[in-house]
Amino acid sequence: MIFKLIALPIIGVILIAGVRRARRLDRSILARGIWLLVWGSAAVLILYPEITTRVASWVGIGRGSDLVFYIAIIVLTAVVLSLLVWVDNLDERISKLVGQHAIEEYERTSRDATRRGHHPDV
Amino acid sequence: MSKVVAVIPAFNEQATIQEVIRSVRPMVQEIIVINDGSLDATSAIARAEGVVVIDHRLNCGLGAALSTGLHVARRRGADFVVTLDADGQMFAEDIARICAPLEEGRCDLVIGSRFLEGGNAIPKRRRLYNRIGNILTWALFGIQTSDSQSGIRGFNAHAMDSIGLRCSRMEVSSEFFLEIQRRNIRWQEVPVRIQYTAYSLSKGQNFFHGVRTLARLAMRR
């Protein structure tokens, strides 16, 4: 009972904050749906934990806690992969910026050197 | 006369950069060193040699350095570009072999392969990594190559203008094959020699680079 009293309000806050943030950032219906599905499912499973045992025996896993564990691994893997993509995109953008800056800096230095009468590449 | 430019990406290569520049100089009209955020004297040594030096403020990786190098070479009127590593394991004389098919108009991009001719003493582990890389290149891009991780390549103007690199790290070696496939670039391999030293081996790829490369290429695909 104590766990439910602590976990459910936290999940409620996460759900509402997530939906408001998705609306503010104009996220897709799919992204909002996944958010609602993940946290809504968590709330339902906390309220009715016996569902996990029923689903687990239906899919042939055995214990409900094992099912939750496997699902958690899948969800966390998806989160890690999406973070990897995000970091990769960021890396690409930073690299482009650094490259552009380096070229601009070189051309500026070359122009200055030419104006002073020096050969730009020496 | 065609303008041949050498692009040399360098990260903390103060031990070898001077020797590499001096060996490459007779083979090309211009040398561009991309100092990729080195913390040592790489940039100063290259400048003292009188070559074009472009300084990345941060270490962005081989792919980013090559991308910058190709861009600068094109802006400086290069007809052909040869990119090669700064760790001193390639032979400058092979630049002529790389350029020949480009100058004759037989292809747009040339990959220098360490495996086409015998005589290169390549460590077993390197052979294994390269073989895995070749299989992945074939599986991901449908291109058969003998050296997917080659450190020396040649480009004509068409290849330079067509290729759009996105991978900023070591995986760029495989990304070239993705671009070959996507842009219908005519390519071929020519044999090159290589000399491994304790220094160059310490700078190369390892197993974890390979795993990261695979993940990034799968995403890029």
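Data block above holds the structure.
Definitions and cut-offs
- Residues numbered from 1 in each chain as written.
- Chains lettered and ligands numbered in written order.
- Predicted model: local features only at pLDDT ≥ 70, side-chain atom pairs only at ≥ 80, totals over all residues.
- Heavy atoms only, no water.
- Contact = heavy atoms within 4.5 Å.
- Buried area = accessible area lost by both parts, 1.4 Å probe.
- Salt bridge = Lys/Arg side-chain N within 4 Å of Asp/Glu carboxyl O.
- Nonpolar A, V, L, I, M, F, W, Y, C, P; charged D, E, K, R; others polar.
- Helix = DSSP H or I, 4+ residues; strand = E, 2+ residues; numbered from the N terminus.
- Expected span 1.5 Å × (residues − 1).
- Buried < 20%, exposed > 50% of the residue type's maximum accessible area, 1.4 Å probe, protein only.
- Axes fitted to C-alpha atoms, helices over the stretch in contact; angles between N-to-C directions.
- Parallel < 35°, antiparallel > 145°, perpendicular 65-115°, else oblique.
- Pairing = 2+ DSSP bridges.
- Right-handed = clockwise from strand over helix to strand, strands pointing away.
- Patch = residues over 30% accessible without salt bridge, like charges linked within 9 Å, V, L, I, M, F, W, Y side chains within 5 Å.
- Areas by Shrake-Rupley, 256 points an atom, 1.4 Å probe, with all protein chains shown as cover.

Caption draft 1: Main features of the interface of chain A and chain B. Taken together, the contacts link 17 residues of chain A with 21 residues of chain B. For the pair chain A and chain B, the two sides together bury roughly 1700 Å², of which 56% comes from carbon and sulfur. At the boundary of chain A with chain B, the tally comes to 4 salt bridges. Considered class by class, the residues forming the side of chain A that touches chain B number 7 nonpolar, 4 polar and 6 charged.

Caption draft 2: Up close: helix α3 (residues 62–75) of chain B. Over its 14 residues, α3 of chain B extends 20 Å from the first C-alpha to the last, a length consistent with the 20 Å expected when each residue adds 1.5 Å. What α3 of chain B keeps buried is the set Gly-63, Ala-64, Ala-65, Leu-66, Thr-68, Gly-69, Leu-70, Val-72 and Ala-73 of chain B.

Caption draft 3: The pattern of salt bridges, seen in detail. All names here are of chain B. Scanning the model with the defined rule gives 20 salt bridges over all chains in all. Glu-30 serves as the salt-bridge partner of Arg-76, at 2.8 Å between the closest nitrogen and oxygen. Taken together, the residues Arg-76 in the loop between α3 and β4 (80–84) and Glu-30 in strand β2 (residues 30–36) connect sequence positions 46 residues apart. On the basis of relative accessibility, which here comes to 14%, the residue Glu-30 falls in the buried class. Between Arg-193 and Glu-93 there is a salt bridge; the shortest N-O distance is 3.6 Å.

Caption draft 4: View of the packing of α3 of chain B against helix α7 (residues 172–183) of chain B. Residue and element names in this part refer to chain B. Two elements in contact, α3 and α7, have axes separated by 9 Å at closest approach and are oriented at 55°. As the angle between them shows, α3 and α7 are arranged oblique. Contacts between α3 and α7 involve Leu-62, Gly-63 and Leu-66 from the former and Val-172, Ser-173 and Phe-176 from the latter. Grouping the amino acids of the contact of α3 with α7 by side-chain chemistry returns 4 nonpolar, 2 polar and no charged.

Caption draft 5: The arrangement of the pairing of strand β1 (residues 4–10) of chain B in detail. Residue and element names in this part refer to chain B. With 7 of its 7 residues buried, β1 lies for the most part within the structure. Residue alternation in β1 divides its side chains into two sets, Val-4, Ala-6, Ile-8 and Ala-10 and Val-5, Val-7 and Pro-9, and both sets are buried. In terms of strand pairing, β1 meets β4 through 4 bridges, oriented parallel. Note that in β4 the partner of Val-5 across the bridge is Val-81. Pairing analysis gives 6 bridges linking β1 to β2, with the strands arranged parallel. Paired with Pro-9 across the two strands is Ile-34, which belongs to β2. In this view, the connection linking β1 to its parallel neighbour β2 by way of helix α1 (residues 17–24) has right-handed handedness.

Caption draft 6: Spotlight on a nonpolar patch on the surface. Residues Leu-30, Ile-34, Val-38, Ile-71, Val-75, Val-79, Leu-83, Trp-86, Val-87, Leu-90 and Ile-94 of chain A together with Leu-58 of chain B make up a contiguous nonpolar surface patch of roughly 1100 Å² in combined accessible area. Of all the secondary-structure elements, those providing two or more residues to the nonpolar patch are α2 (29–47) and α4 (64–115) of chain A. Top element by residues in the nonpolar patch is α4 of chain A. It accounts for 8 residues. Mapped onto the secondary structure, Leu-30 of chain A falls in helix α2.

Caption draft 7: Summary view of the sheet that holds strand β6 (residues 152–156) of chain B. Residues and elements named next belong to chain B. Here 7 strands make up an open sheet; going across it, the order is β3-β2-β1-β4-β6-β5-β7 and the pairing mixed. Every other strand in the sheet has two partners, leaving β3 (52–56) and β7 (187–191) as the edge strands with one partner each. Each adjacent strand pair in this sheet contributes to an overall mean axis angle of 20°, direction not counted. As defined by bridge partners, strand β5 (residues 109–113) adjoins β7 across 5 bridges and the pair is classed as parallel. Looking at β7, one finds that Ile-111 is bridged to Glu-189. The sheet strands contacting α7 are β5, β6 and β7, and the helix crosses β6 at an angle near 30°.

Caption draft 8: Representation of unusual backbone geometry within the structure. Residue and element names in this part refer to chain B. For Asn-12, which is not a glycine, the phi torsion comes out positive at approximately 50°. Inspection of the secondary structure assignment puts Asn-12 in the loop between β1 and α1. Phi is positive for Asn-184, which is not a glycine, with a value near 55°. With respect to the helices and strands, Asn-184 occurs in the loop between α7 and β7.

Caption draft 9: View of the environment of Asp-147 of chain B. All names here are of chain B. Its location among the elements puts Asp-147 in the loop between α5 (124–141) and β6. Taking the relative accessible area as the measure of exposure, Asp-147 reaches 0% and is therefore buried. Along the primary structure Asp-147 and Ser-113 are separated by 34 residues, whereas in three dimensions their C-alpha atoms are 5.2 Å apart. Asp-147 has contacts with Ile-111, Gly-112, Ser-113, Arg-114, Phe-115, Asn-130, Asn-134, Phe-177 and Glu-189, leaving out every residue within four places of it along the chain.

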